[in-house]
Amino acid sequence: MLKGPFLDKDFIGSNKNYDKADIVMLGMPYDCTCTNRAGTRFAPQQIRVESIGIETYSPYFDKDISDIEFFDAGDLEFPFGNAEKMLKITEENVDCIYKDNKKLLGIGGEHLVTLGSIRALKKYYKNIAVVQFDAHTDLRDEYLGEKYTHSGVMKQIANLIGFENIAQIGIRSGEKQEFSLMQKYNTHKFSPAELDIFSDKKIFITIDLDVLDPSLMSGVGTPEAGGMSYIELINWLKYLKKFDIVGIDIVELAPDIDTTKTSTATACKLIRECLSIL
C-alpha cells in the first residue's frame, strides 16, 4: 500500500467532513457565454492548485481558515453551451447547501453562475440583498439574442429580488442604458456607508475579479483600466463584515491568460478573506 503523504486536491485549510461544515466551497466551472476572452471554467481547478502557496492566516481579519469549518465539495459538471441547464444544476446544488443549514462560497466560472445561486437562496430568505463588486454593469436584457449571459446577470437578479436590493461597486464599463438604469435605481455605490440601507437584509456578495485593476488582475476575460487595489476591496469587505452575510461567490478568473499566476494567487487570497467574513 502507498504511504504518502500526498498533495491535497482541495483548497488549503478545508476539512473532510461535509456534515460538520458551516461553509461549503463549490466550484462552478462554466464559461459558455463569455463575451471576450474565455477560460474561466478552468479557474476552480487552478485556484485549488495554487492555494497551497498561501498562508491560512488572514492578517486582515485575524482569522486562520484552518479553524473555520468549511468543506470543499469540488466542481460541478456542466454541459457545454446550455445556460439554462447549468443554472438548474447550480440551483439544485446550492439549494442542498442551504437546506443543510450551511453557507455557500462559490468559485466561478463566469458571472452567470450567480443567478443559479440567487434562485436557490430566494427559497430560504425573503429579504436578500446582493452586493456586486465588478468593473461592468451586467445589466443587459440580452446579448446577441441570448437572455442568459454573464453580461446580463445582474438584470436577471434584479428581476428576481428588485433593483432596490442591489448595490453595485467598482463599475466603470457598460452601455449608456445600463448606466441610466443604475442612476434610475441608485444602485451605484461609492462609499461603504451607503450599504447601511441593507443593515436588516441577508447579504449575498458577488465579486467579479475584474473589479480589481488589471495591473494586479490581468487574468480576466474583459480587463478594465481604473480598477480597485486589493486593499481597497479588503476595506469594503471589512465594512461588510458587520452585516448578515449568507453567501459569497468569486467569479471570472481566467487563469491561463495570466501566465505569471499572479491573478490566481490573488484570487486564492481573496477566497481566504471571504471565508473569514462568512
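Whatever comes next refers back to the structure up there.
Read on for a plain summary of the structure.

What counts, and where the lines are drawn
Residues numbered from 1 in each chain as written. Predicted model: local features only at pLDDT ≥ 70, side-chain atom pairs only at ≥ 80, totals over all residues. Heavy atoms only, no water. Salt bridge = Lys/Arg side-chain N within 4 Å of Asp/Glu carboxyl O. Helix = DSSP H or I, 4+ residues; strand = E, 2+ residues; numbered from the N terminus. Buried < 20%, exposed > 50% of the residue type's maximum accessible area, 1.4 Å probe, protein only. Polar contact = N/O pair within 3.5 Å; in protein donor to acceptor, adjacent residues only side chain to side chain. Phe/Tyr/Trp six-rings, centres within 6.5 Å; stacked < 30°, edge-to-face > 60°. Lys NZ or Arg CZ within 6 Å of the ring centre and 35° of its normal.

### Things to note about the pattern of salt bridges
Side chains carrying opposite charge are able to pair once their charged atoms draw close together. The full count for this structure, using the stated rule, is 15 salt bridges. One salt bridge connects D10 with K16, and the closest N-O pair in it is separated by 3.1 Å. Residue R48 pairs with D72 through a salt bridge whose shortest N-O separation is 2.8 Å. One end of the pair, R48, is in helix α1 (residues 43-50); the other, D72, is in strand β4 (residues 70-75), and 24 residues separate them in sequence. We note that R48, like D72, is buried. Each of E91, D95, K99 and K123 takes part in a single network of salt bridges with overlapping partners.

### With respect to the environment of D62
Positionally, D62 belongs in the loop between β2 (57-58) and β3 (63-64). Considered as a pair, D62 and S276 are 214 residues apart in the sequence and their alpha carbons are 8.4 Å apart. Within the local environment of D62, its side chain forms a polar contact with the side chain of Y57, the two groups lying 2.7 Å apart.

### So, the packing of aromatic side chains
Applying the stated criterion to the full structure yields nine aromatic pairs. Measuring from ring centre to ring centre gives 6.5 Å for F11 and F70, while their planes differ by 65°; the resulting arrangement is edge-to-face. Here F11 is found in the segment before β1 (23-28), whereas its partner F70 is found in strand β4, with 59 residues between them in sequence. An identical accessibility class is assigned to F11 and F70; each is buried. Measuring from ring centre to ring centre gives 6.1 Å for Y239 and F243, while their planes differ by 45°; the resulting arrangement is tilted. Judged by relative accessible area, F243 falls into the buried class, the value being 9%. By the ring-pair criterion, three or more aromatic residues cluster together here, those being Y98, Y124 and Y125. Its guanidinium or amino end placed over the ring of Y18, K102 lies 4.8 Å from that ring's centre, counting from NZ or CZ.

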